[in-house]
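# Observations on the model geometry
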Amino acid sequence: MASFKKVISIALATGFGVGYLPLGPGTWGSLGMGFLCWWFLELPLNWYLAIAGAVFLIGVMTVPLADRHFFRMTKKESDNNQIVIDEFLGMMITLVPLLYFEKTWLGLGVGFILFRFFDVFKFGLARFFDNFKNQWGVMLDDLLAGAEAGLVLFIILWLVEFF
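Predicted, not measured: the structure shown is a model, and the values here were computed from it.

### Points about the environment of Ala66
- Structurally, Ala66 can be placed in helix α3 (residues 45–74).
- Separated by 59 residues in sequence, Ala66 and Val7 have C-alpha atoms that sit 8.8 Å apart.
- With residues up to four places along the chain from it excluded, the contact list for Ala66 reads Ile10, Ala13 and Ile83.

### Notes on the packing of helix α4 (residues 85–94) against helix α5 (residues 105–121)
- The N-to-C vectors of α4 and α5 enclose an angle of 125 degrees; their axes lie 10 Å apart at closest approach. Relative to α5, the element α4 is oriented oblique. Between α4 and α5 the crossing geometry is right-handed. Counted together, Glu87, Gly90, Met91 and Thr94 of α4 and Gly111, Phe112, Phe115, Arg116 and Asp119 of α5 form the full contact between these two elements.
- Taken together, the residues of the contact of α4 with α5 sort by class into three nonpolar, three polar and three charged.

### Here we look at the packing of aromatic side chains
- Summed over all chains, the structure comprises 14 aromatic pairs.
- Ring geometry for Phe35 against Trp105: centres 5.8 Å apart, planes inclined by 50 degrees, an arrangement best described as tilted. Pair noted here: Phe35 is in helix α2 (residues 25–40) and Trp105 is in helix α5, with a separation of 70 residues, a long-range link.
- Since its relative accessible area comes to 41%, Phe35 is described here as partly exposed.
- Accessibility expressed as a relative area gives 45% for Trp105, which makes it partly exposed.
- When the ring of Trp38 is compared with that of Trp105, the centres are 3.8 Å apart and the planes differ by 10 degrees; the resulting orientation is stacked.

### Thoughts on α5
- In this model, α5 (17 residues) spans 24 Å end to end at C-alpha, consistent with the 24 Å of a helix rising 1.5 Å per residue.
- Of all the positions in α5, only Gly107, Leu108, Gly111, Phe112, Leu114, Phe115, Arg116, Phe118 and Asp119 are classed as buried.
- Two residues or fewer past α5, Lys122 is found with a positive phi of approximately 50 degrees.

Parameters at a glance
- Residues numbered from 1 in each chain as written.
- Predicted model: local features only at pLDDT ≥ 70, side-chain atom pairs only at ≥ 80, totals over all residues.
- Heavy atoms only, no water.
- Helix = DSSP H or I, 4+ residues; strand = E, 2+ residues; numbered from the N terminus.
- Contact = heavy atoms within 4.5 Å.
- Axes fitted to C-alpha atoms, helices over the stretch in contact; angles between N-to-C directions.
- Parallel < 35°, antiparallel > 145°, perpendicular 65-115°, else oblique.
- Left-handed = near helix turned anticlockwise from the far one by under 90°.
- Nonpolar A, V, L, I, M, F, W, Y, C, P; charged D, E, K, R; others polar.
- Phe/Tyr/Trp six-rings, centres within 6.5 Å; stacked < 30°, edge-to-face > 60°.
- Buried < 20%, exposed > 50% of the residue type's maximum accessible area, 1.4 Å probe, protein only.
- Expected span 1.5 Å × (residues − 1).

This is the structure we're talking about:
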(Lines give C-alpha, C1' and ligand atoms only; values in the text may rest on other atoms or scores of the structure.)
Protein backbone atom coordinates (compact mmCIF):
# COMPACT_ATOMS: atom_id res chain seq x y z
CA MET A 1 0.00 0.00 0.00
CA ALA A 2 2.86 2.40 0.77
CA SER A 3 4.16 1.87 -2.76
CA PHE A 4 0.77 2.81 -4.26
CA LYS A 5 0.67 5.98 -2.14
CA LYS A 6 4.17 6.89 -3.34
CA VAL A 7 3.28 6.32 -7.01
CA ILE A 8 0.12 8.45 -6.70
CA SER A 9 2.01 11.19 -4.83
CA ILE A 10 4.75 11.34 -7.46
CA ALA A 11 2.19 11.34 -10.30
CA LEU A 12 0.28 14.24 -8.74
CA ALA A 13 3.36 16.23 -7.70
CA THR A 14 4.89 15.94 -11.17
CA GLY A 15 1.68 16.97 -12.91
CA PHE A 16 1.18 13.46 -14.28
CA GLY A 17 4.65 13.46 -15.78
CA VAL A 18 4.93 17.06 -16.97
CA GLY A 19 7.72 17.54 -14.42
CA TYR A 20 9.88 15.05 -16.32
CA LEU A 21 9.97 17.21 -19.46
CA PRO A 22 13.45 18.60 -20.18
CA LEU A 23 14.60 22.21 -20.18
CA GLY A 24 12.60 23.87 -17.43
CA PRO A 25 9.91 21.58 -16.07
CA GLY A 26 8.46 24.50 -14.10
CA THR A 27 7.88 26.37 -17.33
CA TRP A 28 6.21 23.32 -18.89
CA GLY A 29 4.05 22.90 -15.77
CA SER A 30 3.00 26.55 -15.88
CA LEU A 31 2.23 26.33 -19.59
CA GLY A 32 0.22 23.13 -19.17
CA MET A 33 -1.83 24.60 -16.35
CA GLY A 34 -2.36 27.75 -18.38
CA PHE A 35 -4.10 25.67 -21.04
CA LEU A 36 -6.18 23.84 -18.42
CA CYS A 37 -7.16 27.16 -16.89
CA TRP A 38 -8.63 28.23 -20.21
CA TRP A 39 -11.50 25.84 -19.37
CA PHE A 40 -11.42 26.36 -15.60
CA LEU A 41 -11.99 30.09 -16.20
CA GLU A 42 -15.49 29.21 -17.43
CA LEU A 43 -16.38 28.17 -13.86
CA PRO A 44 -17.83 30.49 -11.24
CA LEU A 45 -15.24 32.09 -8.94
CA ASN A 46 -16.10 29.88 -5.95
CA TRP A 47 -15.58 26.69 -8.00
CA TYR A 48 -12.34 28.00 -9.48
CA LEU A 49 -11.00 28.86 -6.02
CA ALA A 50 -12.16 25.48 -4.67
CA ILE A 51 -10.09 23.75 -7.35
CA ALA A 52 -7.10 25.97 -6.50
CA GLY A 53 -7.57 25.10 -2.82
CA ALA A 54 -7.66 21.40 -3.69
CA VAL A 55 -4.44 21.77 -5.73
CA PHE A 56 -2.84 23.47 -2.72
CA LEU A 57 -3.90 20.70 -0.32
CA ILE A 58 -2.87 17.95 -2.73
CA GLY A 59 0.51 19.66 -3.09
CA VAL A 60 1.01 19.88 0.67
CA MET A 61 0.21 16.17 0.96
CA THR A 62 2.24 14.89 -2.01
CA VAL A 63 5.37 17.06 -2.04
CA PRO A 64 7.07 15.37 0.96
CA LEU A 65 6.91 11.89 -0.60
CA ALA A 66 7.95 13.20 -4.01
CA ASP A 67 10.86 15.16 -2.53
CA ARG A 68 12.12 12.07 -0.70
CA HIS A 69 11.87 10.09 -3.94
CA PHE A 70 13.77 12.65 -6.04
CA PHE A 71 16.37 13.28 -3.32
CA ARG A 72 17.91 9.89 -4.12
CA MET A 73 18.66 11.12 -7.66
CA THR A 74 19.24 14.85 -7.20
CA LYS A 75 20.52 15.16 -3.60
CA LYS A 76 18.27 18.24 -3.41
CA GLU A 77 16.24 18.04 -0.20
CA SER A 78 13.28 20.19 -1.20
CA ASP A 79 11.47 21.64 -4.23
CA ASN A 80 13.01 19.33 -6.81
CA ASN A 81 12.60 20.49 -10.40
CA GLN A 82 10.34 17.56 -11.29
CA ILE A 83 7.70 18.77 -8.82
CA VAL A 84 5.37 21.10 -10.72
CA ILE A 85 2.15 21.03 -8.70
CA ASP A 86 3.27 24.32 -7.17
CA GLU A 87 3.44 25.88 -10.65
CA PHE A 88 -0.09 24.57 -11.29
CA LEU A 89 -1.27 26.47 -8.21
CA GLY A 90 0.70 29.61 -9.06
CA MET A 91 -0.78 29.79 -12.55
CA MET A 92 -4.30 29.31 -11.22
CA ILE A 93 -3.83 32.22 -8.82
CA THR A 94 -2.20 34.40 -11.49
CA LEU A 95 -5.12 33.95 -13.87
CA VAL A 96 -7.90 34.88 -11.40
CA PRO A 97 -8.22 38.37 -13.00
CA LEU A 98 -9.34 36.68 -16.23
CA LEU A 99 -12.53 35.76 -14.37
CA TYR A 100 -13.36 39.49 -14.28
CA PHE A 101 -12.06 40.69 -17.64
CA GLU A 102 -12.45 39.36 -21.15
CA LYS A 103 -10.74 35.99 -21.38
CA THR A 104 -8.26 36.10 -24.27
CA TRP A 105 -5.25 34.04 -25.28
CA LEU A 106 -3.19 37.23 -25.06
CA GLY A 107 -4.28 37.75 -21.46
CA LEU A 108 -3.42 34.15 -20.68
CA GLY A 109 0.00 34.56 -22.34
CA VAL A 110 0.73 37.74 -20.40
CA GLY A 111 -0.31 35.94 -17.20
CA PHE A 112 2.06 33.09 -18.02
CA ILE A 113 5.00 35.45 -18.61
CA LEU A 114 4.23 37.41 -15.43
CA PHE A 115 3.99 34.24 -13.35
CA ARG A 116 7.27 32.86 -14.66
CA PHE A 117 8.93 36.22 -13.90
CA PHE A 118 7.59 36.39 -10.32
CA ASP A 119 8.23 32.68 -9.77
CA VAL A 120 11.87 32.89 -10.86
CA PHE A 121 12.80 36.14 -9.12
CA LYS A 122 10.72 35.72 -5.92
CA PHE A 123 9.83 39.04 -4.30
CA GLY A 124 8.65 39.77 -0.76
CA LEU A 125 6.79 36.97 0.98
CA ALA A 126 7.39 34.60 -1.94
CA ARG A 127 11.12 34.86 -1.23
CA PHE A 128 10.49 34.41 2.49
CA PHE A 129 8.55 31.18 1.96
CA ASP A 130 11.03 29.97 -0.66
CA ASN A 131 13.49 29.59 2.23
CA PHE A 132 11.22 27.06 3.95
CA LYS A 133 12.59 23.71 2.87
CA ASN A 134 9.37 21.76 3.24
CA GLN A 135 6.02 21.31 1.51
CA TRP A 136 4.71 24.61 2.90
CA GLY A 137 7.56 26.55 1.35
CA VAL A 138 7.21 24.72 -1.96
CA MET A 139 3.52 25.56 -2.23
CA LEU A 140 3.34 28.98 -0.56
CA ASP A 141 6.16 30.62 -2.51
CA ASP A 142 4.35 29.86 -5.79
CA LEU A 143 0.97 30.81 -4.37
CA LEU A 144 2.42 34.23 -3.45
CA ALA A 145 4.31 34.59 -6.73
CA GLY A 146 0.98 33.88 -8.42
CA ALA A 147 -0.75 36.52 -6.28
CA GLU A 148 1.91 39.10 -7.20
CA ALA A 149 1.67 38.20 -10.89
CA GLY A 150 -2.12 38.23 -10.68
CA LEU A 151 -2.10 41.72 -9.20
CA VAL A 152 0.08 43.00 -12.05
CA LEU A 153 -2.12 41.18 -14.59
CA PHE A 154 -5.20 42.79 -13.04
CA ILE A 155 -3.64 46.26 -13.33
CA ILE A 156 -2.63 45.64 -16.96
CA LEU A 157 -6.10 44.35 -17.89
CA TRP A 158 -7.76 47.27 -16.09
CA LEU A 159 -5.55 49.79 -17.89
CA VAL A 160 -6.24 48.17 -21.26
CA GLU A 161 -9.97 48.18 -20.62
CA PHE A 162 -9.96 51.72 -19.19
CA PHE A 163 -7.93 53.26 -21.98
